[in-house]
Amino acid sequence: VSTLDYVIPQTATHKAYHLHTGNDLLAGARAPYPGAIGVKPGFTGNAGFCMAFAAIRYGHLIVAAVLDDPSWQVRIVDMHTLLDWGFEQEGIPPAPPAAPWSYPSPNE
């Protein structure tokens, strides 16, 4: 759940695959959150953009979920807001703003 990229090598029965996670919170993803350890993104027409997620900062674990967000962009904002709120309850300051994101080129 915390793997950003994974390559499945080509074999005699299938081509090679380069998989990139849909988990926006991991380091190197669209909107990394300090201490994010992954979990599970999802989408269906009925459920909208969803994600179960977790982060550890200063020894505190926050586990949360968002359901039925209208877009992945809103999902990112909601996840960051929930994590910041949860850590704030323990006296931990909000995470710094995420660095701008761009999708990695196939040559990287």
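One can find the structure itself at the top, above this paragraph.
Numbering of residues starts from 1 in every chain and runs along the sequence as written. Predicted model: local features are reported for residues with pLDDT of at least 70 only, side-chain atom pairs are reported and counted for 80 or more only, and whole-chain, interface and lining totals are derived from all residues. The side-chain quantities take in all heavy atoms of the structure and omit both hydrogens and water.

(A) View of the overall build of the protein. Helix numbering and strand numbering both begin at the N terminus, where a helix is a DSSP run of H or I of at least 4 residues and a strand a DSSP run of E of at least 2. Each helix and strand in the protein was counted, giving 1 helix and 5 strands. The order of α-helices and β-strands along the protein, N terminus first, is β-β-β-β-β-α. When accessible area is computed with a 1.4 Å probe and restricted to protein chains, residues below 20% of their type maximum are described as buried, those above 50% as exposed, and intermediate ones as partly exposed. Burial analysis of the protein (108 residues in total) assigns 30% to the buried set. Two residues qualify as a contact provided that any one of their heavy atoms is within 4.5 Å of a heavy atom in the partner residue. Pairs at least 24 apart in sequence give 38% of the contacts found in the protein among residues at least 6 apart. Note that accessible areas follow from Shrake-Rupley with a 1.4 Å probe, and for residues the cover is restricted to the protein chains shown. Taken as a whole, the protein presents about 6,900 Å² of accessible surface, with 61% of it coming from carbon and sulfur.

(B) Spotlight on the environment of Gly48. Tracing the sequence through the fold places Gly48 in strand E4 (residues 48-57). Overall, Gly48 belongs to the buried group, its relative accessible area being 7%. Remark: the alpha-carbon pair of Gly48 and Leu67, spanning 19 residues in sequence, is separated by 6.9 Å. Leaving out residues up to four positions away in the same chain, Gly48 has contacts with Gly42, Phe43, Asp68 and Asp69.

(C) Broad picture of the side chain of Arg57. Residue position: Arg57 is located in strand E4. Buried charge Arg57 goes without a salt bridge, the closest partner of opposite sign being Asp84 at 4.5 Å. Here a polar contact means two N or O atoms within 3.5 Å. Within protein one must be a hydrogen donor candidate and the other an acceptor candidate, and residues neighboring in sequence count only if both atoms are side-chain atoms. Among the polar contacts listed, one links the side chain of Arg57 to the side chain of Tyr33, at a separation of 3.4 Å. Only four residue types enter the charge count: Lys and Arg as positive, Asp and Glu as negative, with His and the chain ends excluded. Any Lys or Arg side-chain nitrogen found within 4 Å of a carboxyl oxygen on Asp or Glu counts as a salt bridge.

(D) Molecular detail of the sheet that holds strand E5 (residues 60-69). Spatially, 3 strands are ordered E3-E4-E5 in an open sheet, and the strand pairing comes out antiparallel. In this open sheet, the two strands that pair with only one neighbour each are strand E3 (36-44) and E5. Strand after strand, the sheet turns through a mean of 5° between neighbouring axes, direction not considered. Think of it this way: DSSP has to see at least two bridges between two strands before they count as a pair. Both E4 and E5 contribute to a ladder of 8 bridges, which runs antiparallel. Fitted lines through C-alpha atoms give the axes, limited to the stretch in contact for helices. The angle between two N-to-C directions lies from 0 to 180 degrees.

(E) Inspection of unusual backbone geometry at higher detail. One non-glycine residue, Val39, adopts positive backbone phi at about 125°. Along the polypeptide, Val39 turns up in strand E3. Positive phi is not limited to glycine here, since Tyr58 has a value of about 50°. Residue placement: Tyr58 occurs in the loop between E4 and E5. Note on Tyr58: relative accessible area 64%, which makes it exposed.

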